[in-house]
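# Breakdown of the fold
Chain by chain, the residues run as shown.
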Amino acid sequence: MKEGEPKLGIEKEEQPEKEKELTPEKIKDFQFYIDQVGHLIEVGEYDQAIDALSNKSKLETVGWKFEENSLGFTKNITKADVRQFCEYIGPRSWCDGLLKRIEVVRPYPVNKDIKIPQELKHEVSLLYIEEWLHVLQGLKGEPLTEMADKIAQKIAKKIAKKVAKEVQEDPKSKWTYSQAYSQQYSREYHGKKDEIDVTFYMYQLGIPLTDRFLDYYNRREALEILEKLEHEKHKKHKK
Ligand SMILES: [Zn+2]
């Protein structure tokens, strides 16, 4: 209820239909919120960023649910352990488009002597914002960045060609080159396009991306292609 509205002494169980309706303004506002969180990550305010990305009511404005699981740490985590923890947390953090639900894992120290290293907080903030960006992709129904789709196609083609060649050379294979190519292409393209799009969006926001993050879904390669294209475009403009 807004301030200044008369209190009627009754509570509506359901939100009025109008408030539940997904409007372009709500999507714009949601995107602006994510962009601001991106800035927090950029300047290393990881705790604030993770808190902002645990904001259930913000996600509810666009009809999504948020679920956070916690992982308690009983001993100090060293820099070297960070990747191992991310490999645990990462696969347990996802965005379920069908159920409109985000699920993420948040590490916390079980007592005050234990410290969570900044490196792990950085990784966790990337995992969280990644899921929020997948929500934004779903709301918009189109890629968030211009080049992601094209570059995902390029990478998928390259991988599919390699796989199809291996299939062709295998005497035991019943597949033709083109069967293997089209199956592999579709798998690679659909598995990576949204992930590459999210990567480009984060990169354009100025969020520092970690090695672990770039190790998945050919993100590093995609970013290298993007940077090369941007460099060429820049050179052309200068001429
Ligand atoms: Zn993802």
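If you're wondering where the values come from, they're calculated on a predicted model, not measured in any experiment.

### With respect to the overall build of the chain
- Looking only at helices and strands, one finds 10 helices and three strands in the chain.
- When the elements of the chain are put in sequence order from the N terminus, they spell out α-α-α-α-β-α-β-β-α-α-α-α-α.
- Projected onto its principal axes, the C-alpha coordinates of the chain cover approximately 75 × 50 × 50 Å.
- Taking all 239 residues of the chain together, 27% fall into the buried category.
- Relative to all contacts within the chain whose residues are 6 or more apart in sequence, the contacts with residues 24 or more apart total 73%.

### Some points on the confidence of the model for the chain
- When pLDDT is averaged along the chain, the result is 91, and 92% of the positions lie at 70 or above.
- Throughout residues 1-6 the model reports pLDDT below 50, and contacts reaching past four residues in sequence, or to other chains, amount to zero contacts.

### Some remarks on the pairing of strand 3 (residues 101-109)
- As defined by bridge partners, strand 1 (residues 65-73) adjoins strand 3 across nine bridges and the pair is classed as parallel. Following the sheet pairing, Leu71 is matched in strand 3 by Pro107.
- As defined by bridge partners, strand 2 (residues 94-96) adjoins strand 3 across three bridges and the pair is classed as antiparallel. The residue bridging Trp94 from the neighbouring strand is Glu103, located in strand 3.
- Counted between consecutive antiparallel strands, the loop separating strand 2 from strand 3 contains four residues, among which Lys100 sits at a positive phi close to 50 degrees.

### Observations concerning the nonpolar core
- The biggest cluster of nonpolar side chains holds 47 residues, and the ones touching the most others in it are Val37, Ala49, Leu53, Tyr128 and Ile129.
- For this core, the secondary structure elements donating two or more residues are helix 2 (24-42), helix 3 (46-52), helix 5 (82-89), strand 3, helix 6 (118-140), helix 7 (148-169), helix 8 (177-205) and helix 10 (219-238).
- Ranked by the residues each element gives to this core, the list is headed by helix 6, at nine residues.
- Shared between two domains, this core takes at least three residues from each, and those domains are domain 1 (20-140) and domain 2 (148-238).
- The residues touching Ile129, leaving out its near neighbours within four places in the chain, are Ile34, Val37, Gly38, Ile41, Leu53 and Met202.

### Some points on the packing of helix 6 against helix 8
- Packing of helix 6 against helix 8 brings their axes to within 10 Å, and their N-to-C directions diverge by 110 degrees. Our classification of the angle between helix 6 and helix 8 gives roughly perpendicular. By crossing handedness, the relation of helix 6 to helix 8 is classed as right-handed. Each of Ile129, Glu130, Leu133, His134 and Gln137 in helix 6 lies in contact with helix 8, whose residues at this interface are Asp194, Asp197, Val198, Tyr201 and Met202.
- When grouped by side-chain class, the residues that make up the contact of helix 6 with helix 8 number five nonpolar, two polar and three charged.

### Looking at the environment of Lys193
- Looking at the secondary structure, you find Lys193 in helix 8.
- Linking Lys193 and Ala49, residues 144 residues apart in sequence, is a C-alpha distance of 25 Å.
- Apart from the residues lying within four places of it in its own chain, the contact partners of Lys193 are Ala148, Asp149 and Ala152.

### Structural notes on the sheet that holds strand 2
- One open sheet accounts for three strands, arranged 1-3-2; its pairing is mixed. Looking along the sheet, the strands with just one partner apiece sit at the ends: strand 1 and strand 2. Averaged over all pairs of adjacent strands, the angle between their axes in this sheet comes to 25 degrees, without regard to strand direction.
- In the packing of helix 6 onto the sheet, contacts are made with strand 2 and strand 3, and the angle to strand 3 comes to roughly 170 degrees.

### Focus on the packing of helix 7 against helix 8
- Running from N to C, helix 7 and helix 8 cross one another at 150 degrees; their axes reach a closest spacing of 7 Å. Compared by their axis directions, helix 7 and helix 8 come out roughly antiparallel. Helix 8 is crossed by helix 7, and the crossing has right-handed handedness.
- Grouping the constituent residues of the contact of helix 7 with helix 8 by class yields 17 nonpolar, three polar and seven charged.

Cut-offs used in this document
- Residues numbered from 1 in each chain as written.
- Predicted model: local features only at pLDDT ≥ 70, side-chain atom pairs only at ≥ 80, totals over all residues.
- Helix = DSSP H or I, 4+ residues; strand = E, 2+ residues; numbered from the N terminus.
- Buried ≥ 20, exposed ≤ 12 C-beta atoms within 10 Å, placed from the backbone.
- Contact = placed C-beta atoms within 7 Å.
- pLDDT = per-residue confidence, 0-100.
- Pairing = 2+ DSSP bridges.
- Core = buried A, V, L, I, M, F, W, Y, C linked by C-beta atoms within 7 Å.
- Domains from an automatic or database assignment.
- Axes fitted to C-alpha atoms, helices over the stretch in contact; angles between N-to-C directions.
- Parallel < 35°, antiparallel > 145°, perpendicular 65-115°, else oblique.
- Left-handed = near helix turned anticlockwise from the far one by under 90°.
- Nonpolar A, V, L, I, M, F, W, Y, C, P; charged D, E, K, R; others polar.

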